[in-house]
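Below are the chains, spelled out letter by letter.
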Amino acid sequence: GDFTAHQIQQFENLEEVYQEWNENINVISRKDIDALYLKHVLHSLSIAAIANFNPGTRIVDIGTGGGFPGIPLAIFYPDTEFLLVDSIGKKLKVVQAVVDTLNLKKIAQNVRINIIKMLAEAKSGHPGGSLSMVDILTVLYFEKMNIDIKNPKWENRDRLVLSKGHGAPGLYSV
């Protein structure tokens, strides 16, 4: 379909945000930053040519790096929820800045960031155990398990037994 005026504005704002962050953090190859739309945005949107995400669908972009393909797809599919996951914290910082700048409300907060914040606030814990299971927990919770987040005590909900004590911050974060 055609882009709305709001989507066009979001796409136009991408370049400025990425160029600003790329000066400090090498999120996109410095030789590719001038071809952001061709090499990253258009490439990401090519997924839309073969896949249609219905409103309410949840998509996990594992290894998102600087937010590709997740951010362009989140703009294209504003009623789809995207969870962008990456093991490199500095790249997730950029992703969060882009999400905030473009006001992309349907992208879920990154679980890894929440784990680190939780452990830092508690001044205790082992991040490795939680970080090692984030992808599994995210897919289980958002894609596979039969749950109702508005009714956490629902009698027919699926349950997860976590027998990895050091992984508790990961579970709480999800």
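Residues numbered from 1 in each chain as written. Predicted model: local features only at pLDDT ≥ 70, side-chain atom pairs only at ≥ 80, totals over all residues. Heavy atoms only, no water.

Caption draft 1: Fine view of the nonpolar core. Formed by 27 residues in total, the largest nonpolar core has its most connected members in Leu-14, Tyr-18, Ile-71, Phe-82 and Val-98. Mapped onto this core, the elements with two or more residues apiece are helix H1 (5-22), helix H2 (36-45), helix H3 (70-76), strand E2 (81-85) and helix H4 (89-102). Residue contributions to this core peak at five residues, all from H4. In terms of nonpolar packing, the next biggest core, distinct from the first, is built from six residues, Leu-83, Met-133, Phe-142 and Val-174 among them. (Core = buried A, V, L, I, M, F, W, Y, C linked by side-chain atoms within 4.5 Å. Buried < 20%, exposed > 50% of the residue type's maximum accessible area, 1.4 Å probe, protein only. Helix = DSSP H or I, 4+ residues; strand = E, 2+ residues; numbered from the N terminus.)

Caption draft 2: The arrangement of the packing of aromatic side chains in detail. In this structure the tally under the stated criterion is six aromatic pairs. Between Phe-3 and Phe-11, the ring centres sit 5.2 Å apart and the planes meet at 70°, which makes this aromatic pair edge-to-face. Centroid distance Phe-53 to Tyr-77: 5.0 Å. Interplanar angle 65°. Geometry classified as edge-to-face. Taken together, the residues span a long stretch of sequence, with Phe-53 in the loop between H2 and strand E1 (58-62) and Tyr-77 in the loop between H3 and E2 at a distance of 24 residues. We note that Phe-53, like Tyr-77, is buried. Put simply, the rings of Phe-3, Phe-11, Phe-53, Phe-76, Tyr-77 and Phe-82 touch in pairs and so form one group of aromatic residues. (Phe/Tyr/Trp six-rings, centres within 6.5 Å; stacked < 30°, edge-to-face > 60°.)

What is shown is where atoms sit, not what they do.
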